[in-house]
Amino acid sequence: MATYKIALIKGDGIGPEIIDEAVKVLDAVASTNGFGIKYKEVLMGGIAYDVFGDPLPQETITTAMESDAVLFGAIGGEKWDNLPREKRPESGLLRFRKELGVFANLRPATVFDELINASSLKPEIIKGVDLMVVRELIGGIYFGEPKGRDENKGWNTMVYTRSEVNRIAHVAFKSAMERDKRVCSIDKANVLDVSQLWREEVEEVAKEYPEVQLTHMYVDNAAMQLIRDPKQFDVMLTGNIFGDILSDEASMLSGSIGLLPSASVGNKVGVFEPIHGSAPDIAGQGIANPIATISSASMMLRYALNEIEAADKIDAAIAKALSEGYRTKDISMYDAKEVCSTSEMGSIIANYAAQCKH
């Protein structure tokens with residue numbers, strides 16, 4: 001029996017609550033599909049600073065590198081907002097991504113028919129939406145040098161090399177080959193030199209995928225088009241800051257940021273996490289939506305562990321729970337049969353996943 005080593009990083013705020021539910025579901029499908037999971041919990045974020053004085057202890061990096069995958073909750077909160085930048089939870093996360101070399105962030109955005117009224121957009125606009133944002137994760141303006149500030153000025157530099165663009169473009173085109181074979185590359189090439197290089201390199205990579213249709217779109221237009229006609233997109237390829245913004249925008253097509261997962265992949269070890277934050281204002285209340293984290297666990301099974309059948313069972317269980325009318329508080333106003341706590345929703349999905357004959 002295969003046994004996988006998973007590093008658990010629960011983080012801050014609602015992170016521990018949502019990770020616990022994902023583990024519950026993972027254990028359910030592991031039992032029925034004949035594989036084992038060995039978890040090791042390590043700290044990152046505000047809680048790591050509180051314990052170690054460092055938002056990213058070396059033990060966390062070491063454990064992650066020795067694991068088959070990382071399942072991560074969320075970090076941050078007002079408690080740590082006034083720390084020096086290098087000590088803040090977000091700085092730990094950026095360093096973590098860089099240390100692991102996870103340069104590709106995959107953020108699917110799909111609309112469940114059962115929640116078609118949860119979005120602020122008209123049902124006819126969002127019905128059938130199924131797109132993937134492929135975001136470059138360890139380059140661009142978040143990592144570029146020089147950066148700094150003085151009393152009157154702050155500055156950051158957006159930098160991409162051809163090799164960085166090349167490798168993320170390959171991820172996008174390979175993803176498109178398994179989908180509808182369309183890539184829309186998002187940039188700001190009309191004003192940014194870095195985006196001109198981005199566009200040139202993407203076009204070079206496209207020559208290796210003649211079956212895939214490549215289009216380009218400026219980021220401001222893409223933000224508008226994502227709301228006007230989201231079904232025009234299949235794979236959206238973009239840089240770090242643009243992808244950060246656009247993927248959060250795309251999450252609201254589904255009606256709740258609590259529904260959408262992500263996978264950060266690159267070298268040996270992938271990191272799987274919901275796209276939402278730590279929501280400290282609702283931490284400990286048992287009302288957080290665990291579905292995005294459970295979906296992230298499904299992506300972990302699919303992309304890191306190659307346990308495709310188990311991943312399919314989780315996806316089917318989520319859809320069944322929603323079709324049966326189970327809702328957490330954030331989506332409770334949309335055709336709810338029963339409003340569930342965080343733990344109750346996790347248990348329902350775990351039970352359905354264990355029973356699934358997929």
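Residues numbered from 1 in each chain as written. Predicted model: local features only at pLDDT ≥ 70, side-chain atom pairs only at ≥ 80, totals over all residues. Heavy atoms only, no water.

(A) Structural context of the overall build of the chain. When helices and strands are counted, the chain shows 12 helices and 14 strands. Taken over the C-alpha trace, the chain has a radius of gyration of 20 Å; the compact-globule value for 358 residues is 21 Å, and the two agree within 12%. Considering only C-alpha atoms, the chain reaches an extent of 55 × 50 × 40 Å along its principal axes. Sequence-distant contacts in the chain: of pairs separated by 6 or more residues, those separated by 24 or more amount to 75%. Accessible area of the chain: about 15300 Å², with a carbon and sulfur share of 50%. (Helix = DSSP H or I, 4+ residues; strand = E, 2+ residues; numbered from the N terminus. Rg over C-alpha atoms; globule rule 2.2 N^0.38 Å. Contact = heavy atoms within 4.5 Å. Areas by Shrake-Rupley, 256 points an atom, 1.4 Å probe, with all protein chains shown as cover.)

(B) A look at the packing of aromatic side chains. In this structure the tally under the stated criterion is 3 aromatic pairs. Taking 5.6 Å as the distance between ring centres and 70 degrees as the angle between the ring planes, the aromatic pair formed by Tyr 4 and Phe 35 counts as edge-to-face. Within this pair, whereas Tyr 4 is found in strand E1 (residues 3-11), its partner Phe 35 is found in the loop between helix H1 (15-33) and strand E2 (36-41), the two being separated by 31 residues in sequence. With respect to burial, Tyr 4 and Phe 35 carry one shared label: buried. Measuring from centroid to centroid gives 5.2 Å for Phe 173 and Tyr 209, while their planes differ by 15 degrees, and the two rings are stacked. Taken together, the positions of Phe 173 in helix H6 (residues 162-177) and Tyr 209 in the loop between helix H7 (193-206) and strand E9 (213-218) put the pair 36 residues apart, joining distant regions of the chain. We classify Phe 173 as buried; its relative accessible area is 0%. Tyr 209 gets classed as buried once you look at its relative accessible area, which sits at 11%. The positively charged end of Lys 153 is found above the aromatic ring belonging to Trp 155, 5.4 Å away from the centroid. One cation-aromatic arrangement involves Arg 167 over Phe 103; the distance from NZ or CZ to the ring centre is 4.4 Å. (Phe/Tyr/Trp six-rings, centres within 6.5 Å; stacked < 30°, edge-to-face > 60°. Buried < 20%, exposed > 50% of the residue type's maximum accessible area, 1.4 Å probe, protein only. Lys NZ or Arg CZ within 6 Å of the ring centre and 35° of its normal.)

(C) Looking closely at a positive patch on the surface. Taken together, Lys 5, Lys 38, Lys 40 and Lys 268 make up a surface patch of like positive charges. Looking at where Lys 38 falls in the secondary structure, it is placed in strand E2. (Patch = residues over 30% accessible without salt bridge, like charges linked within 9 Å, V, L, I, M, F, W, Y side chains within 5 Å. Salt bridge = Lys/Arg side-chain N within 4 Å of Asp/Glu carboxyl O. Lys, Arg positive; Asp, Glu negative; His and termini not counted. Charge placed at Lys NZ, Arg CZ, Asp CG, Glu CD.)

(D) Quick look at the pattern of salt bridges. For the structure shown, the criterion picks out 24 salt bridges. A salt bridge links Lys 10 to Glu 41, with the shortest nitrogen-to-oxygen separation between them at 3.7 Å. Of this pair, Lys 10 sits in strand E1 while Glu 41 sits in strand E2; the two residues are 31 residues apart in sequence, bridging distant segments of the chain. You can call Lys 10 buried: its relative accessible area is 16%. Using a relative accessible area of 45% as the deciding quantity, one classes Glu 41 as partly exposed. For the salt bridge of Lys 188 with Asp 220, the shortest nitrogen-to-oxygen distance reads 2.8 Å. With Lys 188 in the loop between strand E8 (182-187) and H7 and Asp 220 in helix H8 (residues 219-228), this residue pair connects regions lying 32 residues apart in the sequence. Classification of Asp 220 as partly exposed rests on a relative accessible area of 47%. Where salt bridges share partners, they join Lys 10, Asp 20 and Glu 41 into one cluster.

(E) Representation of the packing of helix H11 (residues 308-323) against helix H12 (residues 342-355). One way to put it is that H11 packs onto H12 with a least axis distance of 8 Å and a crossing angle of 125 degrees. By the criterion of interaxial angle, the relationship of H11 to H12 is oblique. Two packed elements cross with a definite hand, and for H11 against H12 that hand is right-handed. Residues Lys 313, Ile 314, Ala 317, Ile 318, Lys 320 and Ala 321 of H11 lie in contact with H12, whose contacting residues are Met 345, Ile 348, Ile 349, Tyr 352 and Ala 353. Of the residues belonging to the contact of H11 with H12, the class tally is 9 nonpolar, no polar and 2 charged. (Axes fitted to C-alpha atoms, helices over the stretch in contact; angles between N-to-C directions. Parallel < 35°, antiparallel > 145°, perpendicular 65-115°, else oblique. Left-handed = near helix turned anticlockwise from the far one by under 90°. Nonpolar A, V, L, I, M, F, W, Y, C, P; charged D, E, K, R; others polar.)

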